[in-house]
Amino acid sequence: YEDRINELFEAWLIDKQFDTEQSKILRLIKAQYVVRREPIDASIFEEPIFRALGGLNRILQIFGEDTLKTTLNELNQTVFVK
């Protein structure tokens, strides 16, 4: 299962224009999904790993609200599928 998610994620990420910092955060999100195995929403940024990076406020600064919302929706619909 994890290998399949990793393959889907890497294929998805190749088509995107995320910078290094955004890609790092997206990889953390993917890792959290693999552990949780449930759709990801903004509440994930309350997890300690994301709070250490500055939590939701910092993530919003890095992505912007619209981009973050769109990205999470896209990940849930195209990558994080059971």
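Residues numbered from 1 in each chain as written. Predicted model: local features only at pLDDT ≥ 70, side-chain atom pairs only at ≥ 80, totals over all residues. Heavy atoms only, no water.

Visitor: Quick rundown of helix H4 (residues 55-63)? Include the residues and the values.
Guide: Helical geometry: 3.6 residues make up each α-helical turn, so side chains three or four residues apart lie on a common side. Looking only at H4, the buried set comprises Gly55, Ile59, Ile62 and Phe63. Summarising the axial view, the buried residues of H4 lie within an arc of 80°, below the 170-degree limit, and thus occupy one face. Counted as exposed and oriented over 90 degrees from the buried face of H4: Asn57 and Gln61. Next to the buried residues of H4 lie helix H2 (20-36), helix H3 (48-51) and helix H5 (65-79). Gly64 sits one or two residues past H4 and shows a positive phi near 90°. (Buried < 20%, exposed > 50% of the residue type's maximum accessible area, 1.4 Å probe, protein only. Helix = DSSP H or I, 4+ residues; strand = E, 2+ residues; numbered from the N terminus. Arc of directions from axis to C-beta. Contact = heavy atoms within 4.5 Å.)

Visitor: Would you mind going over unusual backbone geometry in detail, with residue names and values included?
Guide: Most peptide bonds take the trans form, and the phi angle of most residues other than glycine is negative. Backbone geometry places Arg37, a non-glycine residue, at a positive phi of 55°. Positionally, Arg37 belongs in the loop between H2 and H3.

Visitor: Break down helix H1 (residues 2-14) for me, citing the residues and quoting the values.
Guide: Here H1 contains 13 residues, and its C-alpha end-to-end distance of 18 Å stays within 8% of the 18 Å for a straight helix at 1.5 Å per residue. Where H1 is buried, its residues touch H2 and H5. (Expected span 1.5 Å × (residues − 1).)

Visitor: Can you break down the packing of aromatic side chains residue by residue, with the values?
Guide: Applying the stated criterion to the full structure yields six aromatic pairs. When the centroid spacing of 6.0 Å and the interplanar angle of 65° are considered together, the rings of Phe18 and Phe63 count as edge-to-face. Here Phe63 lies in helix H4 and Phe18 lies in the loop between H1 and H2, a separation of 45 residues in the sequence. A network of ring pairs unites the aromatic residues Phe9, Trp12, Phe18 and Phe63 as a single cluster. (Phe/Tyr/Trp six-rings, centres within 6.5 Å; stacked < 30°, edge-to-face > 60°.)

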